[in-house]
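A structural walkthrough
So you can see what is in the structure, the chains are spelled out below.
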Amino acid sequence: MTLRIVGLLRACALLALASVCVLPARAARADEYPSRPVKIVVPFGAGGPTDVYVRAIAQELEHTLQQPLIVANRPGAGTTIGTEDVAKSAPDGYTLLMAGSTQCVNETLYAHKPYTLLRDLVPVAPLIESDLVLVVNPKVPAHNVAELLALARAKPGTLNFGSSGPGSNYHMSAELLKTLTGIDIVHVPYKTSTAMRTDIVSGQIQMVFDSVPTMAPLIKAGLARALGTSGEERSAILPDVPTIAETVPGFQSTLWVGFMAPKGTPAPIINLLNRTIGGILGRSDIRSAWEKQGATPVVMSQPAYAAYMAAQVAKWAKVVAANHIPLMN
């Protein structure tokens, strides 16, 4: 009996010792993140402006983190499909989301979503910001923003603006202009931005907001007239075009995206990613190359980026409410 008890005590002691040895090993593996490929879910179609820069930063991150980064496009339902996928993923740092102004708008615009953006996901780091440009068909008798506003007030409800769909950057930029100026212009949503561009050139619609790099060739060819850009400073691609804010104080509406991760992802992983992404975007070669293409790399601390995203959600909620924009289901 005594020998049996002694044997049991020895076995228990060995098990306890083994568990003590295992714990440090597990902690060490967590500290070595990433130890396997990381997936970046892009809730937009392949080949678009966002997709291009995501793939560019993914290549840079592969060199720095020494692990493959897989870019997976999951478009659909105004970005809610891809966003939901990441929100429901394991919070281990191996599934990241590209999110931006569209998801911030969707927080108010979609009546029913299977997630709440800042409850179920955590901001990690910004990536890029790109200006939009407000253009009119050349037949529209307005050569600057002030003249366009005067025309809209003289003929309320007669100017149509196109967009690539409800809640898109192009749509919400025009809604913000309505909010700040009180003009009455009519939204014409398209299924694609290509169709929107075709109709602004043909004159089927009178005005659109579009990305600067995409619209610049049409402007230079005289197929569309630029009235103003949407950022706080003039665009490097269209330096002679004034900002809308020069006429409408407080106007600012850019296309921007950044990284998010599932809520509960360990803070050390979030901080590592923020530092690593910020370090890459702070390089002069990256900044110079991307700015020539119309995209400005954005570097923020994680708390600053989280505060920025919260402010964006609040900003667009006010615009949706002020203009009584119909909610999506």
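Residues numbered from 1 in each chain as written. Predicted model: local features only at pLDDT ≥ 70, side-chain atom pairs only at ≥ 80, totals over all residues. Heavy atoms only, no water.

1. Looking at the overall build of the protein chain
So the rule is basically this: Helix numbers and strand numbers start at the N terminus; a helix is a DSSP run of H or I with at least 4 residues, a strand a run of E with at least 2. When a residue's accessible area, from a 1.4 Å probe over protein chains only, is under 20% of the maximum for its type it is buried; when over 50% it is exposed; and in between it is partly exposed. We call two residues contacting when some pair of their heavy atoms lies within 4.5 Å. Note on areas: these come from Shrake-Rupley sampling with a 1.4 Å probe, and a residue is covered only by the protein chains present in the view. Positive charges are assigned to Lys and Arg, negative charges to Asp and Glu, while His and the chain termini are left out of the count. The atom standing in for a charge is NZ when the residue is Lys, CZ when it is Arg, CG when it is Asp and CD when it is Glu.
A tally of regular secondary structure across the protein chain gives 12 helices and 11 strands. In terms of overall dimensions, the protein chain has C-alpha extents of about 100 × 40 × 30 Å along its principal axes. Per-residue burial for the protein chain yields a buried fraction of 47% across its 329 residues. In the protein chain, the proportion of contacts linking residues at least 24 apart, taken out of those at least 6 apart, comes to 77%. Accessible area for the protein chain stands at about 15200 Å²; split by element, carbon and sulfur atoms hold 59% of it. Between the mean site of the 27 positive side-chain charges and the mean site of the 23 negative ones, the protein chain shows a separation of 7 Å.

2. As for the pattern of salt bridges
How we decide: Whenever Lys or Arg places a side-chain nitrogen within 4 Å of a carboxyl oxygen from Asp or Glu, that contact is recorded as a salt bridge.
A full pass over the atoms with the stated rule returns 12 salt bridges. For R74, the salt bridge is made with D85, and the minimal N-O distance between the two is 2.7 Å. With R74 in the loop between β2 (69-73) and α3 (80-87) and D85 in helix α3, the pair connects residues that are 11 residues apart, well separated along the chain. Overall, D85 belongs to the partly exposed group, its relative accessible area being 31%. Of the charged contacts, one joins E175 and K178 as a salt bridge, the two residues approaching to 3.3 Å between their closest N and O atoms. Here the residue E175 and the residue K178 both occupy positions in helix α7 (residues 169-181), the gap between them amounting to 3 residues, near one helical turn. Here E175 falls in the buried class, since its relative accessible area comes to 4%.

3. Some points on the confidence of the model for the protein chain
The line we're drawing: On a range of 0 to 100, pLDDT expresses the predictor's confidence in each residue.
Here the protein chain averages 90 in pLDDT, while 91% of its residues score no lower than 70. Here residues 1-30 is modelled with pLDDT under 50, and outside its nearest four sequence neighbours on either side it reaches 0 contacts, counting other chains as well.

4. Let's talk about the sheet that holds strand β5 (residues 132-136)
How we decide: Between any two strands, pairing holds if DSSP finds at least two bridges. All axes here are fitted lines through C-alpha atoms, helices being fitted over the stretch that makes contact, and every angle between N-to-C directions spans 0 to 180 degrees.
Taken together, 5 strands build an open sheet; the order of strands is β7-β6-β8-β5-β9 and the sheet is mixed. Taken across any chain shown, the strands that pair with only one partner, and hence form the sheet edges, are β7 (186-189) and β9 (225-229). Shown here is a sheet whose adjacent strand axes are inclined to one another by a mean of 30°, direction ignored. Bridging between strand β6 (residues 160-163) and strand β8 (residues 207-211) involves 2 bridges; their strand directions are parallel. For G162, the partnering residue across the bridge sits in β8 and is V208. Helix α9 (residues 212-220) contacts β5, β8 and β9 of the sheet and is inclined by roughly 125° relative to β8.

5. As for the packing of aromatic side chains
For clarity, the cut-off: For Phe, Tyr and Trp, where Trp contributes only its six-membered ring, two rings pair if their centres lie within 6.5 Å, and the inter-plane angle classes them as stacked under 30 degrees, edge-to-face over 60, or tilted in between. We call a charge positioned over a ring when the NZ of a Lys or the CZ of an Arg lies within 6 Å of the ring centre and within 35 degrees of the ring normal.
In total, this model carries 5 aromatic pairs according to the counting rule given. Relative to Y94, the ring of Y33 lies with its centre 5.1 Å away and its plane at 65°, an arrangement referred to as edge-to-face. One end of the pair, Y33, is in the loop between α1 (2-31) and β1 (38-42); the other, Y94, is in the loop between α3 and β3 (95-100), with 61 residues separating them in the sequence. Exposure remark for Y33: the relative accessible area of 8% places this residue in the buried category. The structure contains a cluster of three or more aromatic residues connected by ring pairs, namely W256, Y305 and Y308. A cation sits over an aromatic face here: R36 above Y94, 3.7 Å from the ring centre. Over the ring of Y115 we find K113, and its NZ or CZ is 5.1 Å from the ring centre.

6. Some words on the nonpolar core
Rules: In this text, buried Ala, Val, Leu, Ile, Met, Phe, Trp, Tyr and Cys residues form a nonpolar core when linked through side-chain atoms within 4.5 Å.
Counting residues in each nonpolar core, the largest one holds 94 residues, and the members touching the most others are L127, V135, F209 and F259. Every residue in contact with F209, bar those within four places of it in the chain, is listed here: L132, V133, L134, Y170, S173, A174, L177, M196, I244 and F251.

7. Focus on the environment of T181
We apply this condition: A 3.5 Å cut-off defines polar contacts: any pair of N or O atoms within that distance qualifies, except that in protein one atom must be a possible hydrogen donor and the other a possible acceptor, and neighbouring residues in sequence count only when both atoms are side-chain atoms.
Along the polypeptide, T181 turns up in helix α7. Placed 28 residues apart in sequence, T181 and R153 show a C-alpha to C-alpha distance of 9.6 Å. Apart from the residues lying within four places of it in its own chain, the contact partners of T181 are L149, R153 and V248. At a separation of 2.6 Å, a polar atom in the side chain of T181 contacts the main-chain carbonyl oxygen of L177.

8. Quick look at the pairing of β2
What counts, and what does not: Whether a crossover is right-handed comes down to one check: with the strands pointing away from the viewer, does the path from the first strand over the helix to the second run clockwise; if it does, it is right-handed.
Strand direction decides the pairing type here: β1 and β2, joined by 5 bridges, are parallel. In the sheet register, V42 faces β2, and the bridge partner there is N73. Note that the unit made of β1, helix α2 (residues 49-65) and β2 has a crossover that is right-handed.

9. Comments concerning the sheet that holds β3
The sheet built from 6 strands is open, its strands ordered β2-β1-β3-β10-β4-β11 with mixed pairing. The sheet is open, and its two borders are formed by β2 and β11 (296-297), each paired with just one other strand. Here helix α12 (residues 302-322) sits on the sheet and contacts β3, β4 (121-130) and β10 (255-262); the angle it forms with β4, its principal contact strand, is near 80°.

10. Description of unusual backbone geometry
Most peptide bonds take the trans form, and the phi angle of most residues other than glycine is negative. Cis geometry marks the peptide bond from Y33 to P34; its omega dihedral reads -5°. Mapped onto the elements of the fold, P34 is located in the loop between α1 and β1. We note that T79 has phi near 80°; this positive angle belongs to a residue other than glycine. Tracing the backbone through its elements, the reader meets T79 in the loop between β2 and α3. For T79, a relative accessible area of 4% translates into the label buried.

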